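# Coordinate analysis (summary)
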Amino acid sequence: MRFSEVVREAAKPSWEKGLRHPFVMGIVNGNLPLDTFKFYILQDIYYLKHFGKVHAMAAVQADDFRITAFLAEKAKTTAEAELTVHKQHAEALGITDEEMAQFKPAPTAYAYTSHMYRAALSGRLSETIAALLPCYWLYGEIGEINKEAQPQEPLYANWIRTYASDWFQQGVQEFVDLFDRLAEGASVAEKARMQEQFVIATEWELAFWEMAYTKEKWPSEALLV
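Reference entry: report on the structure contained in this document. Since this is a predicted model, take the numbers as computed values, not measurements.

What follows covers the packing of helix α4 (residues 34–61) against helix α11 (residues 188–214). Two elements in contact, α4 and α11, have axes whose closest approach is 8 Å; the angle formed by their N-to-C orientations is 140°. One element, α4, and the other, α11, form an angle in the oblique class. For the pair α4 and α11, contact is made by Thr36, Phe39, Tyr40, Gln43, Asp44 and Tyr47 and by Glu205, Phe208, Trp209, Met211, Ala212 and Tyr213, respectively. Here the residues of the contact of α4 with α11 are counted per class, giving eight nonpolar, two polar and two charged.

So, in structure tokens, the structure goes:
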């Protein structure tokens, strides 16, 4: 069994809930309120900027220059492609420059990106990749599972097409393969750390859907006392 399959099984409870979270199903079925999707897009633009930076940190950690080049390119192409799609979504949703300038991440978006930085600050490439992988893999699986879905809302149809596309699916497989290559030479202790990073990141993926679905606020904004 490949180590990616081992960690995927370890993350199964949050993984399965992520695949069928009401936010995801709202996109697939086309009935998610657009203002909820707008909240998500703003949070995800913030997330992707940090996602790209953590790729750059991982590139520096790699001893093999081929991996360095792969991660540097991945940081560029993935961020550019997804941010381009999100820019299109932002324009369609009427998100203004003022809204972007005043944007403040929700607690979960802030915490999830902080988790990735913490993994990267371990200094170990294997842990950094483990923290990045769930985002690729889970979105890719959502795209693959729902590729035949035809929501009436064009924004949602475009979102599904992005993650079901051949280029994204290929990128997912490349990242899974890199994770498994790093695991081949890892000690038992290092594999345990990789699994921990992967499982926690998967939990954050689930939390991200819930954050968007509930339009999560900071306690000072949400509590009445």
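The calculated volume of the largest pocket comes to roughly 330 Å³. Taken together, 16 residues line the largest pocket, and the ones lying closest to its centre are Phe39, Leu42, Gln43, Phe103 and Lys104. At the level of secondary structure, the elements contributing two or more residues to the lining of the largest pocket comprise α4 and α6 (97–102). Take the lining of the largest pocket: its biggest share by element is five residues, from α4.

We now examine α4. For α4, built from 28 residues, the straight-helix expectation of 40 Å at 1.5 Å per residue is met to within 8% by its first-to-last C-alpha distance of 40 Å. Across the 28 residues that make up α4, a large majority, 20, are buried.

On to the pattern of salt bridges, then. Scanning the model with the defined rule gives eleven salt bridges in all. Measuring nitrogen to oxygen at the nearest pair gives 3.0 Å for the salt bridge that ties aspartate 64 to arginine 66. Overall, the relative accessible area of 27% leaves aspartate 64 in the partly exposed class. Ionic pairing is found between lysine 147 and glutamate 144, a salt bridge with its closest N-O pair at 2.9 Å. Several salt bridges share partner residues, and in doing so they unite Arg2, Asp177 and Asp180 into one network.

Reading the values: rules and limits
- Residues numbered from 1 in each chain as written.
- Predicted model: local features only at pLDDT ≥ 70, side-chain atom pairs only at ≥ 80, totals over all residues.
- Heavy atoms only, no water.
- Axes fitted to C-alpha atoms, helices over the stretch in contact; angles between N-to-C directions.
- Helix = DSSP H or I, 4+ residues; strand = E, 2+ residues; numbered from the N terminus.
- Parallel < 35°, antiparallel > 145°, perpendicular 65-115°, else oblique.
- Contact = heavy atoms within 4.5 Å.
- Nonpolar A, V, L, I, M, F, W, Y, C, P; charged D, E, K, R; others polar.
- 1 Å grid on protein atoms, 1.4 Å probe; cavity = no way out; pocket = protein on both sides within 12 Å on 5 of 7 lines; lining within 4 Å.
- Points joined across faces, edges and corners; volume = space filled by probe spheres on them.
- Expected span 1.5 Å × (residues − 1).
- Buried < 20%, exposed > 50% of the residue type's maximum accessible area, 1.4 Å probe, protein only.
- Salt bridge = Lys/Arg side-chain N within 4 Å of Asp/Glu carboxyl O.

Geometry only, nothing functional implied.
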